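Below are the chains, spelled out letter by letter.
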Amino acid sequence: MLTIEGLRVSYGAITAVRDVSLSVGEGELVALLGPNGAGKTSTIAAVSGLVPAQAGRILFNGEDVTRVQAEDRIRRGLTVTPEGRRVFANLTVGENLRLGAAIRRDPRGVADDLERFLELFPVLRERYAQPAGTLSGGEQQMLAISRSLMSRPKMLLLDEPSLGLAPQIVARIFDFIGGLKREGLTLLVVEQNAEQALRFADRAYVMSSGTLRYSGPPGDLLDDHGLLKLYIGG
Ligand code: ATP
């Protein structure tokens, strides 16, 4: 579904991603792991169109989207939930959810999806008319992911969904992500919390200093403590 070939991302003189190639098949959950500053966020920012690719190609469902505008990638079904639970703190929970569906033209379907997330996360219904900034960290992450899903993506890129959350909340978030995979959503999940991500992933890639260092089944990473230590510091 997603193929990245020879991707390079630079910020001025700093090259954050060099010659990265990876793929995610339809229905797969793939983990992209690596230490701070490895280039994971820059990789998915290039896939979602938030930063330009200086070299390489990004193919989504066989179509070259390397030069396609970010919003048009969402229209094609490629959506990102950025790092840091970026909800619009001053907008209400309901407004945040509706914004996620801004590109859709099927009000019935939007209303159904909205109901589904309010059912799934009762706190979002309770706080529907309150500013999203009043939610706890875990609740904001649920809202951020739900908002992304309101666009009805075919593939979701999730950047560090567990960042800064308490362990029980992290477990809930990953259970939710596992449920999305069972429903058939294709996912690329960036994580520093390697163990959680590897429990759910079909395959994993490890990046460090802007390049890919490993690709393969998650079991090999969990078994091989040396590799985990080397690249994830865990
Ligand atoms: P983290 O987990 O900390 O987000 P990461 O693996 O996602 O790490 P990136 O955020 O992609 O890594 O950063 C890769 C490199 O690019 C780092 O050296 C970082 O300092 C640099 N970088 C990222 N964004 C910018 C930017 N907007 N301007 C300049 N340098 C940047």
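Scoring rules and cut-offs
- Residues numbered from 1 in each chain as written.
- Predicted model: local features only at pLDDT ≥ 70, side-chain atom pairs only at ≥ 80, totals over all residues.
- Heavy atoms only, no water.
- Near = heavy atom within 4 Å.
- Polar contact = N/O pair within 3.5 Å; in protein donor to acceptor, adjacent residues only side chain to side chain.
- Areas by Shrake-Rupley, 256 points an atom, 1.4 Å probe, with all protein chains shown as cover.
- Helix = DSSP H or I, 4+ residues; strand = E, 2+ residues; numbered from the N terminus.
- Buried < 20%, exposed > 50% of the residue type's maximum accessible area, 1.4 Å probe, protein only.
- Contact = heavy atoms within 4.5 Å.
- Pairing = 2+ DSSP bridges.
- Axes fitted to C-alpha atoms, helices over the stretch in contact; angles between N-to-C directions.
- Salt bridge = Lys/Arg side-chain N within 4 Å of Asp/Glu carboxyl O.
- Phe/Tyr/Trp six-rings, centres within 6.5 Å; stacked < 30°, edge-to-face > 60°.

Caption draft 1: Looking closely at the site of the ligand. Within the structure, the ligand sits among 13 residues, and Asn36, Gly37, Lys40, Thr41 and Ser42 are positioned closest to it. Take Lys40: an N or O atom from its side chain is 2.8 Å from an oxygen atom of the ligand. Residue Thr41 places a side-chain N or O atom 2.7 Å away from an oxygen atom belonging to the ligand. Coverage of the ligand by the protein amounts to 63% of the 620 Å² it exposes when considered alone. Of all the elements, helix H1 (residues 40-48) adds the most residues to the shell around the ligand, at 3 residues.

Caption draft 2: Geometry of the environment of Arg67. Structurally, Arg67 can be placed in the loop between strand S5 (63-64) and helix H2 (70-75). Overall, Arg67 belongs to the exposed group, its relative accessible area being 64%. As a C-alpha pair, Arg67 and Ala53 span 14 residues in sequence and 8.4 Å in three-dimensional space. Beyond its immediate chain neighbours, meaning those up to four positions away, Arg67 contacts Ala53 and Arg73.

Caption draft 3: Main features of the sheet that holds strand S8 (residues 186-191). Spatially, S6-S7-S8-S3-S9-S10 is the arrangement adopted by the 6 strands of the open sheet, whose pairing is mixed. With one partner strand each, in any of the chains shown, strand S6 (78-81) and strand S10 (211-216) form the two edges of the open sheet. In this sheet, neighbouring strand axes are inclined to one another by 15° on average, regardless of whether the strands run parallel or antiparallel. By the bridge criterion, 4 bridges tie S6 to strand S7 (residues 155-159) in an arrangement that is parallel. Bridged to Thr79 within S7 is Leu156.

Caption draft 4: Region of interest: the pairing of strand S4 (residues 55-60). For strand S1 (residues 2-11) and S4, the ladder comprises 5 bridges, and the chain directions are antiparallel. What sits directly across from Thr3, in S4, is Leu59. Pairing geometry for S4 and S5, over 2 bridges, is antiparallel. Looking at S5, one finds that Phe60 is bridged to Glu63. Counted between consecutive antiparallel strands, the loop separating S4 from S5 contains 2 residues, among which Asn61 sits at a positive phi close to 50°.

Caption draft 5: Geometry of the pattern of salt bridges. By the definition in use, this model includes 13 salt bridges. Note that Arg104 and Asp113 form a salt bridge whose closest N and O atoms lie 2.7 Å from each other. What makes Arg104 buried here is its relative accessible area of 11%.

Caption draft 6: Main features of the packing of aromatic side chains. The final tally for this structure, using the stated rule, is 2 aromatic pairs. Ring plane angle 80° and centroid distance 4.9 Å describe the contact between Phe121 and Phe176, whose orientation is recorded as edge-to-face. Of this pair, Phe121 sits in the loop between helix H4 (107-120) and helix H5 (122-126) while Phe176 sits in helix H7 (residues 167-182), placing them 55 residues apart in sequence. By relative accessible area, which is 4% here, Phe121 ends up buried. Both rings, one in Phe174 and one in Phe200, keep their centres 5.9 Å apart while their planes meet at 20°; by these two values the pair is stacked. You can see Phe174 sitting in helix H7 and its partner Phe200 sitting in helix H8 (residues 194-200), a full 26 residues away along the chain.

Caption draft 7: Region of interest: the side chain of Ser148. Position of Ser148 relative to the elements: it lies in helix H6 (residues 137-149). Residue class for Ser148 comes out buried when judged on its relative accessible area of 7%. The residues contacting Ser148, other than those within four sequence positions of it, are Thr79, Val80, Thr81, Pro153 and Leu156.

Caption draft 8: Highlighting the sheet that holds S4. The 4 strands are arranged S2-S1-S4-S5 in an open sheet whose pairing can be described as antiparallel. Looking at which strands have only one partner, the edges of the open sheet turn out to be strand S2 (14-24) and S5. H1 contacts S1, S2 and S4 of the sheet and is inclined by roughly 115° relative to S1.

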